[in-house]
Amino acid sequence: MTAAPQPTPSPVPLTERQEARRRRILRTSAELAVRGGFDAVQMREVAEQSNVALGTLYRYFPSKIHLLVATMRDQLEHLHEALRKRPPSAAEPADRVAETLMRAFRAMQREPHLADAMVRALTFADRSVSPEVDAVSRLTTAIVLDAMRLDGPPGPELLSAVRVIEHTWHSALVTWLSGRASIAQVKIDIETVCRLIDLTDPRRAQP
């Protein structure tokens, strides 16, 4: 008889010291990426500059891809905090989401090497990095939904629209980083896709 699958255990919470070490590693990763992009983030150098043993670094982040995806999550968390302190001011939900995503894009624009490193890591991520990638996706969804200021939980059609918006934002980052799209074009694409909110939210259709 095949044994029933066991539930995946929840991760053990980090101690205050471990969390401080993790924050130090993420800060070093971002600093190296800012200076030299994806190739500049080398695990040995991250360990040395973070003042942790290389084996310890690998226990926190099994690979450079894991580390850079976690760095993106960390950067998005800082952005989320900033957006909560100064939320978008547009009157309509679609316009607030577009404003929010353009603010996120401009934050990436200020540090293009860091943006390139994080986006490349997301692109290269395989199934082993799924928990980290899923965390980035959930955080991006939370940022978009916060900007919408819904009166209740989103319906399935609206959540599907949010996923399309997220895919478009990611694609816009890739095309801009590769020099295939201007900032003006990115803005047009983001504003266009955000119109899906008006089409899929049933509350917007009520008289």
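Numbering of residues starts from 1 in each chain and follows the order in which that chain's sequence is written. In keeping with the model being predicted, local features are shown solely for residues with a pLDDT of at least 70 and side-chain atom pairs are shown and tallied solely at 80 or more, while totals for entire chains, interfaces and linings include all residues. Side-chain measures here rest on the full set of heavy atoms in the structure, leaving out hydrogens and waters.

**A few points about the environment of T141**
Helix and strand labels come from DSSP, where a helix needs a run of H or I of at least four residues and a strand needs a run of E of at least two; each type is numbered from the N terminus. For T141, the location among the structural elements is in helix α7 (residues 130–148). Any residue under 20% of the maximum accessible area for its type is buried, any over 50% is exposed, and the rest in between are partly exposed; the area is computed with a 1.4 Å probe on protein chains only. Classification of T141 as buried rests on a relative accessible area of 19%. Remark: the alpha-carbon pair of T141 and E166, spanning 25 residues in sequence, is separated by 7.6 Å. Throughout, a residue-residue contact means that at least one pair of heavy atoms, one from each residue, lies within 4.5 Å. T141 has contacts with V162 and E166, leaving out every residue within four places of it along the chain.

**Brief notes about the UniProt feature "domain: HTH tetR-type" (unreviewed entry) in the protein chain**
UniProt positions are given in the numbering used here, feature names are shortened, and annotations may be inferred rather than shown by experiment. When the UniProt feature table is mapped onto this chain numbering, "domain: HTH tetR-type" (unreviewed entry) sits at residues 19–79. Taken end to end, residues 19–79 has its terminal C-alpha atoms 20 Å apart, with 80% of it in helix and 0% in strand.

**Brief notes about the confidence of the model for the protein chain**
The quantity known as pLDDT measures the predictor's confidence residue by residue, on a range of 0 to 100. Residues of the protein chain with pLDDT of at least 70 account for 91%, and the chain-wide mean is 90. Taken element by element, the protein chain is modelled with least confidence in helix α11 (residues 202–205), mean pLDDT 52, and with most confidence in helix α2 (residues 43–50), mean pLDDT 97. Here residues 1–10 is modelled with pLDDT under 50, and outside its nearest four sequence neighbours on either side it reaches zero contacts, counting other chains as well.

**Brief notes about the pattern of salt bridges**
Every case where a carboxyl oxygen of Asp or Glu lies within 4 Å of a side-chain nitrogen of Lys or Arg is listed as a salt bridge. As enumerated under the stated definition, the model contains eight salt bridges in all. Here D74 and R23 are joined by a salt bridge, their closest N and O atoms 2.7 Å apart. In this pair, D74 sits in helix α4 (residues 64–85) while R23 sits in helix α1 (residues 16–36), placing the two residues 51 residues apart along the sequence. Among the residues examined, R23 registers a relative accessible area of 26% and is labelled partly exposed. The shortest N-O distance in the salt bridge between E77 and R73 comes to 3.4 Å. Here R73 and E77 lie together in helix α4, a separation of four residues that amounts to about one turn. The exposure class of E77 is partly exposed, given its relative accessible area of 29%.

**Focus: the side chain of H80**
Note that H80 resides in helix α4. When its relative accessible area of 7% is taken as the criterion, H80 is described as buried. We call two N or O atoms a polar contact when they sit within 3.5 Å, provided that within protein one can donate a hydrogen and the other can accept it, with sequence-adjacent residues counted only if both atoms are side-chain atoms. Within polar-contact distance, the side chain of H80 engages the side chain of D146 at 2.7 Å. Every residue in contact with H80, bar those within four places of it in the chain, is listed here: L139, A142, I143 and D146.

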